[in-house]
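One-letter residues, chain by chain:
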Amino acid sequence: STNPNCAAMKWFFEEVWPFIADRGYRVKIVGQVRMLVQKDLPEIYAAFGSLFVGPTADLAPTYRAARCVFAPMISGTGISIKTIEALALGKPFVGTSMAYRGMPIDQIAKFGLQPQDTPQAFADAIVKALSNERTAAKASRLVYENLFSPRTAFASRDEVIRIASTP
């Protein structure tokens, strides 16, 4: 499948999962991707179908219940709203470079988040986030507060207005 979400699920379950399969983690994959994987990746759905919970009207409770949110994106375009949503709720977050697409990765790194692009590094980052949730959650909150929060957006707007109105 050329669908970015299917590609992410294929990479995660074929490449990353073997590194963490024996840890007893409970994983939930939320959203329309369930139907895509069922149709386009039947072998992955046959093995992992119980982890796909399908669409939900409100993602916030799912994010709040999660101990770690991960985005194994290996393709895609545009900024990842899912990444910003997870950061906004202050959840430990693990993502590939594609999960951070369109974002200032150098600034994100200053707050303690790094893209993880190899299966081993991605798996290790999940283990690390779950073994130190407080530190991982703090990094997510700092990234959101400093880059994406309404306070930051208004400060950027005010700076643009100041520059534009200076003779």
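Before reading on, note that the structure itself is shown above.
The rules behind each value
Residues numbered from 1 in each chain as written. Predicted model: local features only at pLDDT ≥ 70, side-chain atom pairs only at ≥ 80, totals over all residues. Heavy atoms only, no water. Axes fitted to C-alpha atoms, helices over the stretch in contact; angles between N-to-C directions. Helix = DSSP H or I, 4+ residues; strand = E, 2+ residues; numbered from the N terminus. Parallel < 35°, antiparallel > 145°, perpendicular 65-115°, else oblique. Left-handed = near helix turned anticlockwise from the far one by under 90°. Contact = heavy atoms within 4.5 Å. Nonpolar A, V, L, I, M, F, W, Y, C, P; charged D, E, K, R; others polar. Salt bridge = Lys/Arg side-chain N within 4 Å of Asp/Glu carboxyl O. Buried < 20%, exposed > 50% of the residue type's maximum accessible area, 1.4 Å probe, protein only. Expected span 1.5 Å × (residues − 1). Arc of directions from axis to C-beta. Phe/Tyr/Trp six-rings, centres within 6.5 Å; stacked < 30°, edge-to-face > 60°.

Now for the packing of helix 1 (residues 4-20) against helix 7 (residues 119-131). Following both chains from N to C, one finds helix 1 and helix 7 inclined at 55°, their axes separated by 8 Å at the closest point. Relative to helix 7, the element helix 1 lies oblique. In this structure, helix 1 meets helix 7 at a crossing whose hand is right-handed. Contact residues: Trp-11, Phe-12, Glu-15, Val-16, Phe-19 and Ile-20 in helix 1; Pro-119, Gln-120, Phe-122, Ala-123, Ile-126 and Val-127 in helix 7. Grouping the constituent residues of the contact of helix 1 with helix 7 by class yields 10 nonpolar, 1 polar and 1 charged.

Next up on the list: the pattern of salt bridges. Across all of its chains, the model carries 3 salt bridges by this definition. Between Glu-14 and Lys-10 there is a salt bridge, and its shortest N-O distance comes to 2.9 Å. Residue Glu-14 and its partner Lys-10 are located together in helix 1, separated by 4 residues, close to a single helical turn. The partly exposed category is assigned to Glu-14, whose relative accessible area is 38%. Residue Lys-39 is joined to Asp-40 by a salt bridge in which the shortest nitrogen-to-oxygen separation is 2.9 Å. Given the relative accessible area of 64%, Lys-39 is considered exposed.

Given a rise of 1.5 Å per residue, 16 residues ought to cover 22 Å, and the 21 Å separating the end C-alpha atoms of helix 8 (residues 133-148) matches this to within 8%. The set of residues buried in helix 8 consists of Ala-136, Ala-137, Ala-139, Ser-140, Val-143, Tyr-144 and Leu-147. Buried positions in helix 8, seen along its axis, are confined to an arc of 155° and lie on one side of it.

Relative placement of two packed helices is described by the angle separating their axes and the distance separating the axes. One can describe the packing of helix 1 onto helix 2 (residues 33-40) by two numbers: an axis separation of 9 Å at closest approach and a directional angle of 70°. When the axes of helix 1 and helix 2 are compared, the pair comes out roughly perpendicular. In contact with Asn-5, Cys-6 and Met-9 of helix 1, helix 2 contributes Val-33, Leu-36, Val-37 and Asp-40. Of the residues contributing to the contact of helix 1 with helix 2, the split by class is 5 nonpolar, 1 polar and 1 charged.

To continue, consider the packing of aromatic side chains. Applying the stated criterion across every chain yields a total of 12 aromatic pairs. Residues Phe-13 and Phe-48 carry aromatic rings whose centres are separated by 4.1 Å and whose planes lie at 20° to one another, so their mutual orientation is stacked. With Phe-13 in helix 1 and Phe-48 in helix 3 (residues 42-48), this residue pair connects regions lying 35 residues apart in the sequence. The exposure classification of Phe-13 matches that of Phe-48, with both residues buried.

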